[in-house]
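# Inside the fold
Chain by chain, the residues:
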Amino acid sequence: MTQSLRDTFSLIKSDMQVRANYENKPLNLFQVIKFILNVAVFSSILFRFQRFFYCHHLGLIASILKAINGIIFTVNIDSTANIGAGFFMMHASYICIGPNVTIGKNCMMAHQNSVCPSPFFSEKFTNSAQGPVI
């Protein structure tokens, strides 16, 4: 479970490239600045750094970033969630991704979505490192 800073920036770039493709615009410096000012993109970037710090056993910093994301953007993504490159949040509004969730490459989430272990199977997921897989 290691993630280098280079890997983190590569994931961020991939996320922004998917957004640029969605908006049918080139990914240049102007678009990067514009995307960073977009709350959904900024929220995704916060998660990418949250995951980086979690992977490097800096849980306090990861928890602070998670709290900022939750309070400001109402996006709650657990640090143990593994999200592939090209993650695209349409809107940063009431998104919840629970513990040990795995989301593959090029996945889009709209607002008011949750991906979490079912409470009916919580005992199964609590005792296992595997959560829902998309």
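Look a little higher up for the structure.
The structure presented is a predicted model; accordingly, all values stated were derived computationally and were not measured.

### As for the pattern of salt bridges
What the rule picks out here adds up to 3 salt bridges. Ionic pairing is found between R48 and D15, a salt bridge with its closest N-O pair at 2.9 Å. Of this pair, R48 sits in helix α3 (residues 39-55) while D15 sits in helix α1 (residues 5-22), placing them 33 residues apart in sequence. Relative accessible area serves as the criterion here: at 2%, R48 is assigned to the buried category. D15 sits in the buried class, given a relative accessible area of 7%. Residue D78 is joined to K66 by a salt bridge in which the shortest nitrogen-to-oxygen separation is 3.6 Å. Here D78, found in the loop between β1 (75-77) and β2 (82-83), pairs with K66, found in helix α4 (residues 59-73); they are 12 residues apart in sequence, far enough to count as distant.

### Notes on the packing of aromatic side chains
Counting across every chain of the model gives 4 aromatic pairs. Ring geometry for Y22 versus F88: centroids 4.9 Å apart, planes at 45°, classification tilted. Taken together, the residues Y22 in helix α1 and F88 in strand β3 (residues 88-89) connect sequence positions 66 residues apart. With relative accessibility at 5%, the residue F88 sits in the buried group.

### Some words on the side chain of R51
Among the secondary structure elements, R51 is positioned in helix α3. Comment: no salt bridge for buried R51; closest opposite-charge side chain is D78, at 7.1 Å. A distance of 2.9 Å separates a polar side-chain atom of R51 from the backbone oxygen of S79.

Conventions and cut-offs
Residues numbered from 1 in each chain as written. Predicted model: local features only at pLDDT ≥ 70, side-chain atom pairs only at ≥ 80, totals over all residues. Heavy atoms only, no water. Salt bridge = Lys/Arg side-chain N within 4 Å of Asp/Glu carboxyl O. Helix = DSSP H or I, 4+ residues; strand = E, 2+ residues; numbered from the N terminus. Buried < 20%, exposed > 50% of the residue type's maximum accessible area, 1.4 Å probe, protein only. Phe/Tyr/Trp six-rings, centres within 6.5 Å; stacked < 30°, edge-to-face > 60°. Lys, Arg positive; Asp, Glu negative; His and termini not counted. Polar contact = N/O pair within 3.5 Å; in protein donor to acceptor, adjacent residues only side chain to side chain.

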